[in-house]
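For reference, the chains in residue letters:
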Amino acid sequence: MSDKKLLDTGPSPRGWHRLQGVLECPQKYAFQHELGIESMDSTSPPLVKGSMMHMALAQYYYRMKNEQNGLDPDEWEEPEIALERQAEKEPAWKEYLDMITDCFHAYIAHYPTESFKVLEVEQLAYTKIFDKYLFTGRFDLVVEDTAGRVWVVDHKTTTRIMARQVQYYGISGQLVGYAYMSRAIYGDRFGGMLLNQVQHTGKFKFKRVKLPPAPNLMDRFPYTVQDAEERIKELQNSGRKPNEWPMAMNELTCYHRYGACPYLESCKWGVE
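Okay, so let's go over this structure.

Parameters and conventions
Residues numbered from 1 in each chain as written. Predicted model: local features only at pLDDT ≥ 70, side-chain atom pairs only at ≥ 80, totals over all residues. Heavy atoms only, no water. Axes fitted to C-alpha atoms, helices over the stretch in contact; angles between N-to-C directions. Helix = DSSP H or I, 4+ residues; strand = E, 2+ residues; numbered from the N terminus. Parallel < 35°, antiparallel > 145°, perpendicular 65-115°, else oblique. Left-handed = near helix turned anticlockwise from the far one by under 90°. Contact = heavy atoms within 4.5 Å. Nonpolar A, V, L, I, M, F, W, Y, C, P; charged D, E, K, R; others polar. Salt bridge = Lys/Arg side-chain N within 4 Å of Asp/Glu carboxyl O. Buried < 20%, exposed > 50% of the residue type's maximum accessible area, 1.4 Å probe, protein only. Pairing = 2+ DSSP bridges.

**Comments concerning the packing of helix α1 (residues 16-24) against helix α8 (residues 215-236)**
Between two packed helices, the angle of one axis relative to the other and the distance separating the axes together describe the packing. Relative orientation of the contacting elements α1 and α8 amounts to 65 degrees, with a least axis distance of 9 Å. Considered as vectors, α1 and α8 are oriented roughly perpendicular to each other. Remark: the crossing between α1 and α8 carries left-handed chirality. Residues Trp16, Arg18, Leu19, Val22 and Leu23 of α1 pack against Phe221, Thr224, Val225, Ala228, Glu229, Arg231 and Ile232 of α8. Residue composition of the contact of α1 with α8, by class: eight nonpolar, one polar and three charged.

Here you go:
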């Protein structure tokens, strides 16, 4: 059994997805975070394939970082073997192992050399909002270009790369939050957020694009965090049972691009 390192991270402890839940639908938030009803999203094909590609890329860039800094790249497991090892622990991964491995090989063939320096891989970042609310995130990749600018790279996997993806990721609270933290961390060196798009189905395709600016969203981000945190606290203190928190009850919220909300049946039929 290899003793080389594997990526071992979980979601950031006070990240955007938690806040997004209550902003989308307080009942969804309560099912997940107050009642602990497990979502089946983690085994959905899009998220499984996304997790696998994230792991392959993390292993690849960890090895690159070591090599750039004169350290042993073999401290970290090779990406292909890392996927195989993790698939032994995650049965849902086995179905897509060949696909994601082939896609990863196509990725490194598409980008045979990288001009940037790898600064961080899967780096946990955090900031305090109004000195009261902790906000965290995990940067997939942080790089420095030849001009000394720092870019935070977010890997996004998809069945098909489309132009409109840049627009809706550009207003993602998660990525706006990452830019907010990055500006605080890196100051004037921060160049922006880069979307690293990976099409893993059919003909493999790859594209890197800078997210468009959203200065008003950035300026209002702290208030969005505050509003979400205060909404959670208000409902926790309201005396309402978690299975009776407000529902969005909206077809645009209850269904998203991956399908139905995982708690839709719980909302339709109720839970004790």
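**Some points on the pattern of salt bridges**
Tallied over the full model, the rule gives 14 salt bridges. Among the salt bridges present, the one from glutamate 77 reaches arginine 85, with a minimum N-O distance of 2.9 Å. Just as glutamate 77 is buried, arginine 85 falls in that class too. Among the charged side chains, a salt-bridge network with shared partners connects Lys4, Arg63 and Asp74.

**Structural notes on the sheet that holds strand β4 (residues 190-199)**
In a beta sheet, neighbouring strands are held together by backbone hydrogen bonds and run either parallel or antiparallel to one another. Strand order in the open sheet formed by five strands is β1-β2-β3-β4-β5, with mixed pairing between adjacent strands. Taken across any chain shown, the strands that pair with only one partner, and hence form the sheet edges, are β1 (117-129) and β5 (205-210). Going across the sheet, the axis of each strand differs from the next one's by a mean of 35 degrees, ignoring polarity. Strand direction decides the pairing type here: strand β3 (residues 150-158) and β4, joined by nine bridges, are parallel. Across the sheet, the residue bridging to valine 150 is phenylalanine 190, located in β4. Sitting on the sheet, helix α7 (residues 173-186) is in contact with β1, β2 (133-144), β3 and β4, with an inclination near 80 degrees to β2.

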